[in-house]
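# A closer look at the structure
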Amino acid sequence: MTPSTPREPALCGLRARKKQRTRDALIRAALELFTAQGYEATTVDEIAAAVDVSQRTFFRYFSNKEEVTFAVQEMVEARFLEELSHRPADESPLTALRSSVMAAWDDIAASIEPIVPVELHMRAYQMIESTPALIAAHMRRSCELEAEVARLIARREGLDADRDPRPRVLVGAFNGVMRAAGKAWSEGDDFTVTSIRELTRSYLDHIGPALDDNWRTVR
């Protein structure tokens, strides 16, 4: 064993932390620039310069601007999936979905504030919802998440997602509600977490009545 061997784990740890700090800094710089001057008007060079790194360094962490745009949103979605995977087995699928999304909103600060302030994330989310260049990517990612959630619900209920359509139908309806709430929130004038949480809760409250056969008797 050489004298330098005991230092190697510590050096590896330092390098990993430095890489994580650089990645986090790029995310924050990107979101600050996107929300200040627009997604399309912001270049990779500007993001890199804000962190005092090269364009080449940016591309070590992210393949393009779209990927860095959704980095924090992926963390929020991961928190939702984690919560859903641990919901009590006796909860109905819809209750588990609802409880999980509410928990993710309640816990959002702890999930993302080591990287970006919640207020910045909310401004970035509004920017995504209102930027044509990002809407297609947002919808694609939403469909991918929908498929993953449907598989999770199927496993939770002991079903075969390829043979039983109920998980996909339920999650499709749930995802539609989430998209509708997000769009309504982005078109409003209150971009706080409290606002989108309450709007989401309200929209979820309407799933049952919306599926009722006779809307005229459901008010």
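Structure shown above.
Keep in mind that what you see is a predicted model, and the values were worked out from it rather than measured.

## Some points on the overall build of the protein chain
- What the protein chain contains, in helices and strands, is 12 helices and 0 strands.
- The buried share among the 219 residues of the protein chain stands at 38%.
- Long-range pairs, those at least 24 residues apart, make up 66% of the contacts in the protein chain between residues at least 6 apart in sequence.
- As presented, the protein chain carries roughly 12,600 Å² of accessible surface, and 53% of it is formed by carbon and sulfur atoms.
- Positive and negative side-chain charges in the protein chain, numbering 29 and 34 respectively, have mean positions lying 5 Å apart.

## So, the nonpolar core
- Of all hydrophobic cores here, the largest spans 52 residues; its most connected members are I27, F80 and V149.
- Once residues lying within four places of it in the same chain are set aside, the contact partners of F80 are L97, S100, V101, A104, V149 and F174.

## Thoughts on the side chain of D164
- Within the fold, D164 resides in the loop between helix 9 (132-156) and helix 10 (166-186).
- Engagement of the side chain of D164 in a polar contact is seen with the side chain of R166, the distance being 2.6 Å.

## What about the packing of aromatic side chains?
- For the coordinates displayed, the defined rule picks out 6 aromatic pairs.
- Relative to W185, the ring of Y125 lies with its centre 5.5 Å away and its plane at 40°, an arrangement referred to as tilted. Here W185 lies in helix 10 and Y125 lies in helix 8 (residues 118-129), a separation of 60 residues in the sequence. In this pair, the class of Y125 matches that of W185, namely buried.
- Judged by centre distance (5.4 Å) and plane angle (70°), the ring pair of W185 and F191 falls under edge-to-face.
- The class of F191 is partly exposed, set by a relative accessible area of 30%.
- Over the face of the ring belonging to Y39 we find K65, whose NZ or CZ atom lies 4.4 Å from the ring centre.

## As for the pattern of salt bridges
- All chains considered together, the criterion is met by 19 salt bridges.
- Note that E32 is salt-bridged to R28, the shortest N-O span being 3.1 Å. Of the two residues, E32 and R28 are both situated in helix 1 (residues 8-37); the distance of 4 residues between them amounts to about one turn of the helix.
- When the shortest N-O distance is used, the salt bridge between R201 and D205 registers 2.9 Å. Of this pair, R201 and D205 both sit in helix 11 (residues 193-205), 4 residues apart, which is roughly one turn of that helix.

## What to know about the packing of helix 5 (residues 71-85) against helix 9
- Closest axis-to-axis distance for the helix 5/helix 9 pair is 11 Å, and the angle between their directions is 15°. The orientation of helix 5 relative to helix 9 falls into the category roughly parallel. Between helix 5 and helix 9 lies a crossing of right-handed hand. Contacts between helix 5 and helix 9 involve Q73, E74, E77, F80, L81, L84 and S85 on the former and, on the latter, R141, L145, E148, V149, L152, I153 and R156.
- Of the residues that constitute the contact of helix 5 with helix 9, the class distribution is 7 nonpolar, 2 polar and 5 charged.

## A closer look at unusual backbone geometry
- Unlike most non-glycine residues, D52 shows phi in positive territory, near 65°.
- Secondary-structure assignment places D52 in the loop between helix 2 (44-51) and helix 3 (55-61).
- Under the relative-accessibility criterion, D52 is labelled exposed at 72%.

## Notes on helix 5
- End to end, helix 5 covers 21 Å across 15 residues, agreeing with the expected 21 Å (1.5 Å per residue, within 8%).
- Buried residues of helix 5: A71, V72, Q73, V76, E77, R79, F80, L81, E83 and L84, and no others.

## Describing the environment of G182
- Position of G182 among the secondary structure elements: in helix 10.
- Judged by relative accessible area, G182 falls into the buried class, the value being 2%.
- Expressed as a C-alpha distance, the spacing of G182 and T200, which sit 18 residues apart in the sequence, is 7.7 Å.

## Structural notes on the side chain of T22
- Looking at the element boundaries, T22 is found in helix 1.
- For T22, a relative accessible area of 16% puts it in the buried group.
- Sequence-distant contacts of T22, defined by excluding residues within four places in its chain, comprise V53, T57 and Y61.

Criteria and thresholds
- Residues numbered from 1 in each chain as written.
- Predicted model: local features only at pLDDT ≥ 70, side-chain atom pairs only at ≥ 80, totals over all residues.
- Heavy atoms only, no water.
- Helix = DSSP H or I, 4+ residues; strand = E, 2+ residues; numbered from the N terminus.
- Buried < 20%, exposed > 50% of the residue type's maximum accessible area, 1.4 Å probe, protein only.
- Contact = heavy atoms within 4.5 Å.
- Areas by Shrake-Rupley, 256 points an atom, 1.4 Å probe, with all protein chains shown as cover.
- Lys, Arg positive; Asp, Glu negative; His and termini not counted.
- Charge placed at Lys NZ, Arg CZ, Asp CG, Glu CD.
- Core = buried A, V, L, I, M, F, W, Y, C linked by side-chain atoms within 4.5 Å.
- Polar contact = N/O pair within 3.5 Å; in protein donor to acceptor, adjacent residues only side chain to side chain.
- Phe/Tyr/Trp six-rings, centres within 6.5 Å; stacked < 30°, edge-to-face > 60°.
- Lys NZ or Arg CZ within 6 Å of the ring centre and 35° of its normal.
- Salt bridge = Lys/Arg side-chain N within 4 Å of Asp/Glu carboxyl O.
- Axes fitted to C-alpha atoms, helices over the stretch in contact; angles between N-to-C directions.
- Parallel < 35°, antiparallel > 145°, perpendicular 65-115°, else oblique.
- Left-handed = near helix turned anticlockwise from the far one by under 90°.
- Nonpolar A, V, L, I, M, F, W, Y, C, P; charged D, E, K, R; others polar.
- Expected span 1.5 Å × (residues − 1).

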